[in-house]
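Listed here are the chains, written in short residue letters.
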Amino acid sequence: MIEETDLTTLSYNLLDLHLKVGYQKCPFCKRDQKFRVLNNRYKCFHPECQQQGTIVDLVQWHKNCSRSKAIQLVRGEDFQARDAWKKRNHLLSQVFSSYQNGLTDECLDFLNQRGYGICLESVEFGFARGSQYLQSRGFDLAELVSLGLAYSDGREFFRDRVIFGIRDFKSRLVHLQGRSIHAEESVRWLSTPSHFNDQDINPITNYLFGGNQHIDNPPEWLFLAEGISDALTLIELNVPCVACFGVQVNLCRFTALFEKATNLVVVLDNDVYPLMTEHAGLYKSWTPMLESLTQLQTAFPQLKIWCAPPPNIKGIKDVNNWYMTEKLTPESFAQGIKRQSQTLFDFALNTFRGHREYHPLLLRLLKAQPNSQRRETYRQILPTDIVSYLLEVYG
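Since the model is a prediction, treat every value here as computed from it, not as a measurement.

Chemist: Describe in detail the sheet that holds strand β8 (residues 189–191), supporting the description with residues and values.
Modeler: The strand order β5-β6-β7-β8 describes an open sheet built from four strands, whose pairing is antiparallel. Edge positions in the sheet fall to β5 (125–128) and β8, since each has one partner strand and no second. Sheet twist, expressed as the mean angle between neighbouring strand axes with direction ignored, is 30°. As paired elements, strand β7 (residues 173–180) and β8 share three bridges and run antiparallel to each other. Among the inter-strand pairings, Gly-178 is bridged to a residue of β8, identified as Leu-190. Sitting on the sheet, helix α4 (residues 105–113) is in contact with β5, β6 (161–167) and β7, with an inclination near 125° to β5.

Chemist: Go over the sheet that holds strand β4 (residues 52–53) with me, naming the residues and quoting the values.
Modeler: The sheet built from four strands is open, its strands ordered β1-β2-β3-β4 with antiparallel pairing. In this open sheet, the two strands that pair with only one neighbour each are β1 (22–24) and β4.

Chemist: Describe the pairing of strand β13 (residues 263–267), with residues and values.
Modeler: Burial of β13 is extensive: five of the five residues sit out of reach of the surface. Where burial is concerned, the two faces of β13 agree: the one with Asn-263, Val-265 and Val-267 and the one with Leu-264 and Val-266 are both buried. The pairing of strand β11 (residues 221–226) with β13 spans five bridges and is parallel. By the bridge assignment, Leu-222 is partnered in β13 with Leu-264. For β13 and strand β14 (residues 304–307), the ladder comprises four bridges, and the chain directions are parallel. Bridged to Asn-263 within β14 is Lys-304. As for the winding sense of the linkage, the β-α-β connection from β13 through helix α10 (residues 286–299) to β14 is right-handed.

Chemist: Please provide a residue-by-residue account of helix α12 (residues 330–340), values included.
Modeler: By the burial criterion, the buried members of α12 are Phe-333, Gly-336 and Ile-337. The arc that holds the buried residues of α12, viewed along the axis, is 100°, so those residues lie on one side. Set apart from the buried face of α12 by more than 90 degrees, the exposed residues are Glu-331, Lys-338 and Arg-339. Buried positions along α12 lie against β11, α8 (228–236), β13 and α11 (319–326).

Chemist: So what's going on with the packing of aromatic side chains? Which residues, and what values?
Modeler: One pass over the structure, following the stated rule, counts 18 aromatic pairs. Relative to Phe-333, the ring of Phe-223 has its centre 6.1 Å away and its plane inclined at 45°; by these criteria the two rings are tilted. Here Phe-223 is found in strand β11, whereas its partner Phe-333 is found in helix α12, with 110 residues between them in sequence. Residues Phe-223 and Phe-333 agree in their burial class; the two are buried. Among the aromatic residues, ring-to-ring pairing joins Phe-28, Phe-35, Tyr-42 and Trp-61 into one connected group. Stacked on the ring of Tyr-151, the Lys or Arg Arg-155 has its end atom at 4.6 Å from the ring centre.

Chemist: Residue-level account of unusual backbone geometry, with values.
Modeler: Of note in this structure, Lys-30 is not a glycine but carries a positive phi near 70°. Relative to the helices and strands, Lys-30 resides in the loop between β1 and β2 (35–38). Note on Lys-30: relative accessible area 51%, which makes it exposed. Notably, Gln-50 is not glycine yet its phi reads approximately 55°, a positive angle.

Calculation criteria
- The residue numbering used here restarts from 1 in each chain and proceeds along that chain's sequence as written.
- Given that the model is predicted, a residue must reach a pLDDT of at least 70 before its local features are reported, and side-chain atom pairs must reach 80 or more before they are shown or counted; all residues, however, enter totals for whole chains, interfaces and linings.
- Side-chain measures were taken over the full set of non-hydrogen atoms in the model, leaving aside hydrogen atoms and water.
- Between any two strands, pairing holds if DSSP finds at least two bridges.
- Where helices and strands are cited, they refer to DSSP runs of H or I of at least four residues and of E of at least two residues respectively, numbered from the N terminus.
- For helices, the fitted axis covers only the stretch in contact; all axes are lines through C-alpha atoms, and the angles between them, taken along N-to-C directions, range from 0 to 180 degrees.
- The contact rule is simple, with two residues in contact once any of their heavy atoms fall within 4.5 Å.
- Exposure categories follow from relative accessible area, calculated using a 1.4 Å probe and restricted to protein chains: below 20% of the type maximum is buried, above 50% is exposed, and the middle band is partly exposed.
- The handedness rule is simple: strands pointing away from the viewer, and a clockwise path from the first strand over the helix to the second, make the crossover right-handed.
- To be clear, the arc concerns the directions from the helix axis to the C-beta atoms.
- Stacked, tilted and edge-to-face pairs are distinguished by plane angle, under 30 degrees for stacked and over 60 for edge-to-face with tilted covering the rest, among Phe, Tyr and Trp rings (Trp via its six-membered ring) whose centres lie within 6.5 Å.
- We count a charge as sitting over a ring when the NZ of a lysine or the CZ of an arginine lies within 6 Å of the ring centre and within 35 degrees of the ring normal.

Keep in mind that these numbers describe shape and distance, not what the molecule does.
Listed below in structure tokens is the structure:
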């Protein structure tokens, strides 16, 4: 049905509106944090606005045209996008199959040295050997260039990299990501570009690694990591998990998964910004991610979100460091997670207690999950001069 068409993508392509899943500024009344996009529908919750609808309604309003004209515009743009997507998907699947047939002992040794063994039985991966591997397997250079997997001079995008397949919730291959096996390589990870034949394709940040494995029946405890490396470690430890790509990610985009989840345990790196910098002492990964987690908590108050950075031990920054250094087993990892875990509110409070610019985030969490004990905990950090405090926080 045309009403189910991707609202965020087409609103940008047709209307140049930068909408996202979740709460944002309303394009109708211009009020902040009142306009929500969810399940390809939008709604403004301000009582004086209350605009709501689908991409068709949005196009009709923005273009000031008839509904039939709006439907025509949406269908035309949607067809072009879907046609390009199918062609790219077909070629990408062929490329990935070729990479999967190119595994070498060098590739497997690289993975084994990082503690990956059992997990490799359930994860799709391949290997890009040398600088012209795909062409040696019969792929046309022009097609590879259109896909962003080669340059016009014949050099290929992925060279000496372990290649992992990224699938959407319907298990369709949408991106590839490659990890260099060479320690001297400055760019460890590369992802397929987000364009095909001059048409924009959803970037890798719009997907979750492993999300298709849990979309139909999420486990009671689902873990969220950042990046494939930590996801592989969790799978090695028999922990059900998904991984996002980067920390500047909109988690509300993954409504179909998180609306069914009960407990979400987030495990990001524990390194902090150095002294004498703007965010000195704050977590590098957690600080930007907490805004997205707050939006997710607001959208799904029933979801219990837990934050569990690795222990602050020398040499341990991420889950893979923790696993390798402490020689973790599934049992010892579970015990460690219990020690490290805090609720999202408690973790945000402990992280931002002395950083008042982040206190509006704490208040949004209190509103999302009203709790008298949490309100009292927050009240204890308030200064005597509440007026000065509010002026400082809200400016």
